[in-house]
Amino acid sequence: MTDADDLRRRTAELLAAHPPAITGRLEFLRARFDAGLAWVHFPRGLGGLDAPRSLQAVVDAELEAAGAPGNDPGRIGIGLGMAAPTILRFGADEQKQRFLRPLWTGEEVWCQLFSEPGAGSDLAALATRAVREDGGEAGSGGDWIVDGQKVWTSSAHLARWAILIARTDPGVPKHRGISYFVCDMTDPGVEVRPLRQITGEAEFNEVFLTGVRIPDAHRLGAVGEGWKVAQTTLMNERVAIGGARMPREGGMIGVAAADWRARPELRTHDLHQRLLKLWVEAEVARLTGERLRQQMTKGQPGPEGSGMKLAFARLAQEISGWEVEFLAEDGLTYDDWTMRRPDGVDFTGREAGYRYLRAKGNSIEGGTSEVLLNIVAERVLGLPPEPRTDKDVAWKDLPR
């Protein structure tokens with residue numbers, strides 16, 4: 001049985017064998033993965049020790065105190081939060097061995113090829129096609145030929161791999177004819193173009209897939225069951241976005257509180273009352289996220305993660321709006337409008353204008369707030385579902 005004391009002992013052994021001060025960053029991260037201290041709740045041999053997820057904090061604290069390097073989760077968040085749990089649940093043993101170690105160490109960046117110009121909120125309506133070469137039968141191996149367009153793809157310009165859903169059977173209702181693949185972003189036929197956002201940067205991309213060849217060995221889950229696999233990705237994505245661990249008064253509310261303390265000349269009674277309300281709501285969200293992570297120690301995240309992502313988006317927009325209003329003309333400054341392609345999102349290290357603009361995307365990315373409200377209503381509160389007239393209609397017969 002792996003407990004906290006055992007993890008401290010293992011961490012001490014790792015640090016003794018690979019002192020961070022004289023060990024290269026990648027070498028240390030690989031050694032940490034091989035020692036089972038990457039994500040302790042993962043199986044042995046895959047970076048973990050089959051330990052409770054809650055004990056990860058013990059390892060992280062010991063390594064932080066020793067000055068050990070991290071794996072830059074802001075840069076590889078899609079791999080860590082979405083691809084990894086999906087591969088772990090649906091991948092074959094060979095896929096787990098091939099993909100998880102370089103994913104965790106950050107040697108290989110991942111992106112997510114889900115949304116399309118005509119399939120965002122209604123993701124199951126996606127039109128990207130994957131056709132088995134020569135019409136082979138399922139299970140016969142061979143390659144899939146993929147054609148289509150994806151959009152709003154974070155990190156596609158950095159990625160080596162992508163998790164991809166594509167339509168493999170247009171003759172059945174839209175949720176049933178989808179399969180799930182791992183796509184090599186360096187393969188011929190993959191074209192990545194930047195999408196400049198309201199912030200002036202191109203953190204997102206659009207991705208064109210033209211005759212991209214994907215081996216059947218890179219399929220996750222059964223043919224036609226990609227929607228089921230994608231649900232694991234999406235549930236984990238919402239927890240990753242909305243349920244990240246942070247200290248009290250961390251994140252955006254911490255920046256807003258620091259502004260309040262540093263600029264007494266800008267204070268008003270109304271702004272004070274609103275900041276207090278936001279502070280309390282942020283703390284409630286933080287504690288609720290902690291409770292959600294504890295529930296996850298018993299299994300996969302459920303629809304409750306949609307509620308966390310909803311709260312995160314609303315709070316991010318309200319807090320960043322409060323900050324711009326509080327700082328008056330200083331809140332309208334923006335350091336650099338140069339077209340850039342950043343590695344990630346920086347909600348606390350940039351100026352108020354950036355936070356205000358970037359937060360607008362929080363209610364769209366990872367499932368729009370409208371979609372998430374439906375999920376909470378139907379799957380958490382048990383309310384009657386919305387009428388869905390296309391539920392039993394073949395995808396090829398749907399109007400477009």
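Reading the values: the criteria
Residues numbered from 1 in each chain as written. Predicted model: local features only at pLDDT ≥ 70, side-chain atom pairs only at ≥ 80, totals over all residues. Heavy atoms only, no water. Salt bridge = Lys/Arg side-chain N within 4 Å of Asp/Glu carboxyl O. Helix = DSSP H or I, 4+ residues; strand = E, 2+ residues; numbered from the N terminus. Buried < 20%, exposed > 50% of the residue type's maximum accessible area, 1.4 Å probe, protein only. Expected span 1.5 Å × (residues − 1). Phe/Tyr/Trp six-rings, centres within 6.5 Å; stacked < 30°, edge-to-face > 60°. Arc of directions from axis to C-beta. Contact = heavy atoms within 4.5 Å. Disulfide = S-S within 2.5 Å.

Novice: Help me understand the pattern of salt bridges in this model?
Specialist: Pairing between side chains of opposite charge can happen when their charged atoms approach one another. As enumerated under the stated definition, the model contains 39 salt bridges in all. Linking E108 and R160 is a salt bridge whose minimum nitrogen-to-oxygen distance equals 3.7 Å. Of this pair, E108 sits in the loop between α5 (93-105) and β1 (110-113) while R160 sits in the loop between β3 (143-150) and β4 (161-167); the two residues are 52 residues apart in sequence, bridging distant segments of the chain. The exposure class assigned to R160 is partly exposed, which follows from its relative accessible area of 28%.

Novice: Looking at this model, I keep getting lost on helix α9 (residues 304-327). Mind explaining?
Specialist: Along an α-helix, residues three or four positions apart point the same way, because every turn accommodates 3.6 residues. Helix length check: α9, at 24 residues, gives a terminal C-alpha distance of 35 Å against a target of 34 Å (1.5 Å per residue), a fit within 8%. Of the residues flanking the end of α9, it is A328, one or two places downstream, whose phi is positive at about 55 degrees.

Novice: What is the right way to look at the packing of aromatic side chains in this model?
Specialist: Within a pair of aromatic rings, the relevant descriptors are the distance that separates the centres and the angle that separates the planes. Counted under the stated rule, the structure contains 13 aromatic pairs. Ring centres of W39 and F42 lie 4.0 Å apart, and the angle between their planes is 15 degrees; on these two criteria the pair is classed as stacked. Both residues of the pair, W39 and F42, belong to the buried class. On the numbers, 5.2 Å between centres and 65 degrees between planes, the contact of Y334 with W337 is edge-to-face.

Novice: In this structure, what is going on with helix α3 (residues 56-65)? I would like to understand it.
Specialist: Taken together, the buried positions of α3 are Q56, V58, V59 and L63. An end-on view of α3 places all buried positions within 160 degrees of arc, on one side of the element. Residues of α3 that are exposed and angled more than 90 degrees away from the buried face: E64 and A65. Buried residues along α3 sit against α1 (4-17) and α2 (25-34). Once α3 ends, the next one or two residues include G67, with phi positive near 75 degrees.

Novice: Would you mind showing me how to read the environment of L88 here?
Specialist: Here L88 lies in helix α4 (residues 77-90). When the C-alpha atoms of L88 and L46 are compared, they prove to be 9.1 Å apart, with 42 residues separating the residues in sequence. When near neighbours in sequence (up to four residues on either side) are disregarded, L88 contacts F42, P43, L46 and K96.

Novice: Is there a simple way to think about the state of the cysteines in this case?
Specialist: Where two cysteines share a covalent bond between their sulfur atoms, that bond is called a disulfide. Counting across every chain of the model gives zero disulfides. Left unpaired, C111 is separated from the closest cysteine sulfur, that of C183, by 7.8 Å. Under the relative-accessibility criterion, C183 is labelled buried at 0%.

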